[in-house]
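So you can see what is in the structure, the chains are spelled out below.
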Amino acid sequence: MNCERALHNVYEGDAMSLLTRIGLGLHLLFCSDCTRKVERFELCKDILSSEFFPPSPGLENTVMAMVAAEEREALESERADLSGGFSLRGWVIAGIVMFVSLATAFFGLDFNKVALAAGMSYLIPIGITIGIALTCYGALFIGSHLKELTERFGL
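Residues numbered from 1 in each chain as written. Predicted model: local features only at pLDDT ≥ 70, side-chain atom pairs only at ≥ 80, totals over all residues. Heavy atoms only, no water.

A. Fine view of the packing of aromatic side chains. Scanning all chains against the criterion turns up three aromatic pairs. An angle of 40 degrees between the planes, with centres 5.4 Å apart, marks the rings of W91 and Y137 as tilted. Taken together, the positions of W91 in helix α5 (residues 88-103) and Y137 in helix α7 (residues 123-144) put the pair 46 residues apart, joining distant regions of the chain. Pair check on accessibility: W91 and Y137 agree, each one buried. Ring geometry for W91 versus F141: centroids 5.8 Å apart, planes at 45 degrees, classification tilted. You can see W91 sitting in helix α5 and its partner F141 sitting in helix α7, a full 50 residues away along the chain. Like W91, the residue F141 is buried in the burial classification. Among the aromatic residues, ring-to-ring pairing joins W91, Y137 and F141 into one connected group. (Phe/Tyr/Trp six-rings, centres within 6.5 Å; stacked < 30°, edge-to-face > 60°. Helix = DSSP H or I, 4+ residues; strand = E, 2+ residues; numbered from the N terminus. Buried < 20%, exposed > 50% of the residue type's maximum accessible area, 1.4 Å probe, protein only.)

B. Expanded view of α7. With 22 residues, α7 extends 32 Å between its outermost C-alpha atoms, agreeing within 8% with the 32 Å of an ideal straight helix rising 1.5 Å per residue. Every buried residue of α7 is accounted for by I126, I130, Y137 and F141. Along α7, the residues classed as buried sweep out an arc of 40 degrees about the axis, all on the same side. Exposed residues lying more than 90 degrees from the buried face of α7 are I124, T135 and G143. (Expected span 1.5 Å × (residues − 1). Arc of directions from axis to C-beta.)

C. Fine view of the pattern of salt bridges. Tallying each qualifying case throughout the model produces one salt bridge. Between D33 and R36 there is a salt bridge whose closest N-O contact spans 3.4 Å. On the criterion of helical spacing, the pair formed by D33 and R36 is a turn pair, its members being three residues apart in helix α3 (residues 32-49). For D33, a relative accessible area of 44% translates into the label partly exposed. Note on R36: relative accessible area 40%, which makes it partly exposed. (Salt bridge = Lys/Arg side-chain N within 4 Å of Asp/Glu carboxyl O.)

D. Local environment of the nonpolar core. With eight residues, the main nonpolar core is built from A6, L7, V10, M16, L24, C31, C34 and V38. When contributions to this core are tallied by element, the ones reaching two or more residues are α1 (3-12) and α3. Among the elements that take part in this core, α1 stands out by supplying three residues, more than any other. (Core = buried A, V, L, I, M, F, W, Y, C linked by side-chain atoms within 4.5 Å.)

It is worth stressing that arrangement in space is one thing and function is another; only the former is reported here.
Here's what the structure looks like:
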């Protein structure tokens, strides 16, 4: 029996066969992590089943207001983190500049001299390098703007 199944059996509780209880007992005998989790679960179950926490009117509203305030702060900080990087337009302009510069590298005078000296096999590593550079740039662009791209294209 693995840890996930053992904890599932403990949390479900009531309907366990004898064989399942034996397997659970053996697992808890050898797995200290699960034993600790089961002990904590039993303690929480005992606390919640008794009248340990007295009813407190108005506490729910206070707690929910604090949770809402924390969520607002988290959203504001997330927006502030996102605004510190390049904009979508900046990424596109940088990508176009990179593509044009890599594509026009073949038209320079020095390239013709090097290509004639090295032969046509020199074009293979240059093509692979350009492909790797454009692929990595595209992957970084898509990975960093995944949320915006899914919203824009409705994916």
